[in-house]
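Here's the letter readout for the chains.
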Amino acid sequence: MKMKVTRMPHNKYLPEYKTEGSSGMDLYAAIDKDITLKPLERVLVPTGIKIEIPSEYEAQVRARSGLSVKHGITLINAIGTIDADYRGEICVGLVNISNEEYTIKPDDRIAQLVIAKVEKAHIETTVELSATLRGEGGFGSTGFNK
């Protein structure tokens, strides 16, 4: 699968896989000065890239585990979806869920970009759904002993 990338003037780095086995490409903060996130503060950080992927794919922006575990920096929306027809700059919505301030510096690795195949659903309306053992059991219904 080929992904076209446009590097914007404020960008120094293209997304890149750090190891042969990496499923996500690192995304970098394309900023010219530090951004300090206070506890529970949110910010939209530009990456300086635009992408083009085939229509049967999506790009997923995911948190970097090191930032999340060590510093409490994660994504506002857990996983950000970039649709195949989006052509704007990729920006990463970060939130500080720790009790300490955290500073994002220019060119810091701030997220990962994972490319995933998308299967389109064909909606079929019906009066009844097939029965299962679980039925309508919802949140936590399969994980507790009765």
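Since this is a predicted model, take the numbers as computed values, not measurements. (Residues numbered from 1 in each chain as written. Predicted model: local features only at pLDDT ≥ 70, side-chain atom pairs only at ≥ 80, totals over all residues. Heavy atoms only, no water.)

Draft legend 1. The arrangement of the sheet that holds strand 9 (residues 91-96) in detail. If you walk across this open sheet you meet the three strands as 4-9-7, and the pairing is antiparallel. The sheet is open, and its two borders are formed by strand 4 (42-46) and strand 7 (73-75), each paired with just one other strand. Here the strands of the sheet are splayed against their neighbours by 40° on average, with no regard to which way each runs. Relative to strand 9, strand 4 runs antiparallel, the two sharing five bridges. Looking across to strand 9, one finds that valine 45 is bridged to valine 92. (Pairing = 2+ DSSP bridges. Helix = DSSP H or I, 4+ residues; strand = E, 2+ residues; numbered from the N terminus. Axes fitted to C-alpha atoms, helices over the stretch in contact; angles between N-to-C directions.)

Draft legend 2. Up close: the pattern of salt bridges. On inspection of all chains with the given rule, the structure shows five salt bridges. In this structure, lysine 105 and aspartate 34 form a salt bridge, with 3.3 Å as the shortest nitrogen-oxygen distance. Linking lysine 105 in the loop between strand 10 (102-104) and strand 11 (109-117) with aspartate 34 in the loop between strand 2 (25-28) and strand 3 (35-37), this pair joins segments that are 71 residues apart in sequence. By relative accessible area, lysine 105 is classed as partly exposed at 41%. The network of salt bridges with common partners includes Asp26, Arg64 and Arg109. (Salt bridge = Lys/Arg side-chain N within 4 Å of Asp/Glu carboxyl O. Buried < 20%, exposed > 50% of the residue type's maximum accessible area, 1.4 Å probe, protein only.)

No statement about biological role is implied by the geometric values presented.
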